[in-house]
Amino acid sequence: MKVLFVCLGNICRSPTAEGVFRRALEQAGLADEVEIDSCGVGSWHVGKAPDSRAQQVALCRGIDLSGLRARQLNVQDFAEFDYVLGMDQDNLRAICDLKPANSQAHVGLFLDFAGTPGAEVPDPYYGGDEGFENVLNMIEAASNGLIQHLKREH
Ligand code: 4NP
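Residues numbered from 1 in each chain as written. Predicted model: local features only at pLDDT ≥ 70, side-chain atom pairs only at ≥ 80, totals over all residues. Heavy atoms only, no water.

- As annotated in an unreviewed UniProt entry, the protein chain is protein-tyrosine-phosphatase from Vreelandella glaciei.
- According to the UniProt record, the Sequence similarities (unreviewed entry) comment for the protein chain reads "Belongs to the low molecular weight phosphotyrosine protein phosphatase family." (UniProt positions renumbered as here; feature names shortened; annotations may be inferred.)

Rendered as structure tokens:
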């Protein structure tokens, strides 16, 4: 299984999802079964490390995001990944616009797996630190839900 997390810039939400979900997979003993990556629909931050605020709140929970580097979503991702999960409705629209008609990839919102279908992980970029904390809590809940889903379905 291959899961791709997608946000706008790939420096706040989706790298956080990648780090949190990687740890959740390790704790569930599934690290060898599921490959993960993250990317952004935009190109502004390509090559950059995650936002320092995202790194800081993740590190407070023992998750090191410092090695991640931003990249942009591309059409090949739809051949490579089984799940392509957006953080908000704008991301989802951009994903659907790029998705080839013959792609079998499951496309949806990450928070669908938190039991809150249609809900969004809000963009924390222009807010304060509490926004990043909120993002992390939502992502932890969705990560656990996604693990349960993958165990059930695959
Ligand atoms: P992300 O957050 O999509 O969670 O990585 C953002 C990062 C940068 C910008 C917007 C959102 N930006 O406008 O530069």
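## Concerning the sheet that holds strand β3 (residues 83–86)
Step number 1: Strand order in the open sheet formed by 4 strands is β2-β1-β3-β4, and the pairing between neighbours is parallel. Both edges of this open sheet fall to β2 (35–40) and β4 (106–109), since each of them pairs with a single strand only. The average angle at which neighbouring strand axes cross in this sheet is 20°, direction not considered.
Step number 2: Strands in contact with helix α4 (residues 89–98) are β1 (2–7), β3 and β4; relative to β4, the strand with the most contacts, it is inclined by about 160°. (Pairing = 2+ DSSP bridges. Helix = DSSP H or I, 4+ residues; strand = E, 2+ residues; numbered from the N terminus. Axes fitted to C-alpha atoms, helices over the stretch in contact; angles between N-to-C directions. Contact = heavy atoms within 4.5 Å.)

## Let's talk about the packing of aromatic side chains
Step number 1: Under the counting rule described, the total for this entry stands at 4 aromatic pairs.
Step number 2: Ring geometry for Y83 versus F113: centroids 6.4 Å apart, planes at 75°, classification edge-to-face. Separated by 30 residues along the polypeptide, Y83 in strand β3 and F113 in the loop between β4 and α5 (129–153) bring together distant segments of the chain.
Step number 3: With a relative accessible area of 13%, F113 lands in the buried category.
Step number 4: For the ring pair Y125 and Y126, a centre distance of 4.8 Å and an interplane angle of 80° mean the geometry is edge-to-face.
Step number 5: For Y125, a relative accessible area of 28% translates into the label partly exposed.
Step number 6: Clustering of aromatic rings is evident, with ring pairs tying together F5, F21 and F110.
Step number 7: Over the face of the ring belonging to F81 we find K2, whose NZ or CZ atom lies 5.4 Å from the ring centre. (Phe/Tyr/Trp six-rings, centres within 6.5 Å; stacked < 30°, edge-to-face > 60°. Buried < 20%, exposed > 50% of the residue type's maximum accessible area, 1.4 Å probe, protein only. Lys NZ or Arg CZ within 6 Å of the ring centre and 35° of its normal.)

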